[in-house]
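Chain by chain, the residues:
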Amino acid sequence: MEIIISVAMNPAVDKSSSVEHVIPEHKLYCKAPHFEPGGGGVNVSRAIKKLGGESLLFYPSGGLTGKMLENLLLQENINHYPIPIEGVMRENLIVLEESTGQQFRFGMPGPFMSKQEWERCLNELFDFKPKPNYLVISGSLPPGVPSDFYARVAKKGKESGIKVIIDASGEALKLALQVGVYLVKPNIREFKELLGSDVQEESQIEFEATKMIESGWCEVLVISLGAAGALMVSRNTVEYIRPPTVQVVSKVGAGDSMVAGIVLSLFRGNTLRNSILFGIAAGSAAVMTPGTELCRREDTERLYEKLLSSTK
Ligand SMILES: Nc1ncnc2c1ncn2[C@@H]1O[C@H](COP(=O)(O)OP(=O)(O)OP(=O)(O)O)[C@@H](O)[C@H]1O
Ligand SMILES: [Mg+2]
């Protein structure tokens, strides 16, 4: 059997509400909250589902929030594999200020995980049968998990012949790339941070991206550029792909939808280029939906067809 595994080391329950005005010192009377599963890898699995695919979500879970997260995933029919931990999973808060339309997003750090716990996650991930064809690692690491955790995943993935796709940032991303992965999707800010320099010129970005491929950091580099689409770089291609213009409603979930689109399309056996087009379509579809809603399948497929016919 062929499968995609998505790893979320720092999943969350996202609690959304709204209030007329956000004013300091006052008690704010919010509307009834809405709860959803959240966090990097979690949204990749949810977006794959929305696009008509399946994946297995692998994540640590603890406390009452952990139970709630498991229930929310069950309700969405997401195949999931929780690893029990002592700590209590985080709950993030998203508040819409109705008078201005501004969204306030409060992110929590996540529970502390012991060495024994994160090592168990790593071992169970690679003992899992069937072995995944694609393994997506995405999002932040909770306190206690060392910054070389993704590098360890990359190393084991390489040894087992699994294609690892990473969407992370900072030190954890850098260490994983030093081991080498199949595909990495930084946005332009994360790419510059990785380089440690503020490259501006397109030619210089292309040069540095090509260097990363040649150094064995990844086989494919997809630098996402927001409304400008993405730069795709592999051993024999450097190409800018511009998405069709869409109405921007909420940018939340663009990156996760993009990663979900790329991996699902690769998994379905499409070419690398078409898979990246599908990812860009999914990212753009996500910005068309309100609040935290991820990409819709119909929008994604329509944008994909447009992209296919407008790019050679
Ligand atoms: N304003 C926009 N219009 C059209 N498409 C967009 C827009 N913003 C993002 N996208 C689509 O989503 C993809 C990913 O967006 P972006 O580069 O903002 O990723 P990101 O910064 O990783 O996002 P996130 O904050 O969700 O992690 C883009 O490549 C593009 O296809
Ligand atoms: Mg991102």
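Bear in mind that the values here come from a model prediction, so they are computed numbers and not experimental data.

The rules behind these values
- Throughout this description, residue numbers start from 1 for each chain and increase along the sequence as written.
- For this description, chains carry letters from A and ligands carry numbers from 1, given in the order in which they are written.
- Local features in this predicted model are restricted to residues whose pLDDT is 70 or higher, and side-chain atom pairs enter the listing and the counts only when it is 80 or higher, whereas totals over whole chains, interfaces and linings include all residues.
- Based on all heavy atoms of the structure, the side-chain values leave hydrogens and waters out of the count.
- Secondary structure elements follow DSSP: runs of H or I of four or more residues count as helices, runs of E of two or more count as strands, with numbering from the N terminus.
- Helix span, expected: 1.5 Å multiplied by one less than the number of residues in the helix.
- To sort residues, take the accessible area from a 1.4 Å probe on protein chains only and compare it with the maximum for the residue type: under 20% means buried, over 50% means exposed, and anything in between is partly exposed.
- This arc is taken over the directions from the axis of the helix to the C-beta atoms.
- Whether a residue is near a molecule or strand depends on its heavy atoms: it is near if one of them lies within 4 Å of it.
- Distance and chemistry together define a polar contact, namely a pair of N or O atoms within 3.5 Å, with one atom able to donate a hydrogen and the other to accept it when in protein, and with adjacent residues in sequence counting only for side-chain atoms on both sides.
- Where accessible areas are quoted, they stem from the Shrake-Rupley method and a 1.4 Å probe; at the residue level, only the protein chains shown are allowed to cover.
- When residues are grouped by polarity, Ala, Val, Leu, Ile, Met, Phe, Trp, Tyr, Cys and Pro land in nonpolar, Asp, Glu, Lys and Arg in charged, and all others, Gly among them, in polar.
- Helix axes are fitted to C-alpha atoms over the stretch in contact, other axes to C-alpha atoms as well, and angles between N-to-C directions run from 0 to 180 degrees.
- Angle categories are assigned with fixed cut-offs, so that under 35 degrees is roughly parallel, over 145 is roughly antiparallel, 65 to 115 is roughly perpendicular, and the rest are oblique.
- When the near helix sits turned anticlockwise from the far one by under a right angle, the crossing is termed left-handed; a clockwise turn instead gives a right-handed crossing.
- We call two residues in contact whenever any of their non-hydrogen atoms come within 4.5 Å of each other.
- Put simply, a salt bridge is a Lys or Arg side-chain nitrogen that is within 4 Å of an Asp or Glu carboxyl oxygen.
- Note on pairing: DSSP must find at least two bridges between two strands before they are called paired.

Draft legend 1. Examining helix α10 (residues 297-310) more closely. With 14 residues, α10 extends 20 Å from end C-alpha to end C-alpha; this agrees with the ideal 20 Å at 1.5 Å per step. Taken together, the buried positions of α10 are D299, T300, L303, Y304 and L307. Buried residues in α10, looked at end-on, bunch into an arc of 130°, giving them a common side. Opposite the buried face of α10, by more than 90 degrees, sit the exposed residues E298 and S309.

Draft legend 2. Looking closely at the site of ligand 1. For ligand 1, the set of nearby residues contains 16 residues, the closest of which are N187, S224, G226, G255 and S284. At a separation of 3.0 Å, an oxygen atom of ligand 1 approaches a polar side-chain atom of K185. One of the backbone nitrogen or oxygen atoms of G229 is found 2.9 Å away from an oxygen atom of ligand 1. When ligand 1 is considered free in solution it has 620 Å² of accessible area, and contact with the protein chains removes 80% of it. Classifying every residue of the shell around ligand 1 by side-chain character gives 8 nonpolar, 7 polar and 1 charged.

Draft legend 3. Up close: the packing of helix α3 (residues 115-127) against helix α4 (residues 149-160). One way to put it is that α3 packs onto α4 with a least axis distance of 11 Å and a crossing angle of 20°. In terms of orientation, α3 and α4 fall into the roughly parallel class. Handedness of the α3/α4 crossing: right-handed. Where α3 abuts α4, its residues W118, L122, N123, L125 and F126 lie against F149, R152, V153, K156, G157 and S160. Each residue belonging to the contact of α3 with α4 can be placed in one class, and the counts come to 6 nonpolar, 3 polar and 2 charged.

Draft legend 4. Expanded view of the pattern of salt bridges. Here the structure, examined in full by the defined rule, presents 18 salt bridges. Linking D148 and R152 is a salt bridge whose minimum nitrogen-to-oxygen distance equals 3.0 Å. In this structure, E208 engages K211 in a salt bridge whose closest nitrogen and oxygen atoms are separated by 3.4 Å. One end of the pair is E208 and the other is K211, both in helix α7 (residues 202-214) and 3 residues apart, which spans about a single turn. Among the charged side chains, a salt-bridge network with shared partners connects E36, R46 and E76.

Draft legend 5. Highlighting the sheet that holds strand β6 (residues 90-97). Spatially, the 4 strands line up as an open sheet ordered β3-β2-β6-β7, and their pairing is mixed. Because the sheet does not close on itself, it has two edges, and the strands there are β3 (34-38) and β7 (102-106). Averaged over all pairs of adjacent strands, the angle between their axes in this sheet comes to 25°, without regard to strand direction. Where β6 meets β7, 5 bridges bridge the pair, whose relative direction is antiparallel.

Draft legend 6. Seen up close, the sheet that holds strand β13 (residues 237-241). Sheet architecture is open: 9 strands sit in the order β5-β4-β1-β8-β9-β10-β11-β12-β13, paired in mixed fashion. Sheet topology places β5 (79-84) and β13 at the edges, where each strand pairs with a single neighbour. Taken over all neighbouring pairs, the strand axes of this sheet differ in orientation by 20° on average, direction set aside. Strand direction decides the pairing type here: strand β10 (residues 181-184) and strand β11 (residues 218-224), joined by 3 bridges, are parallel. Within β11, the residue paired with L183 across the bridge is V220. Sitting on the sheet, helix α5 (residues 170-179) is in contact with β9 (163-167) and β10, with an inclination near 140° to β10.

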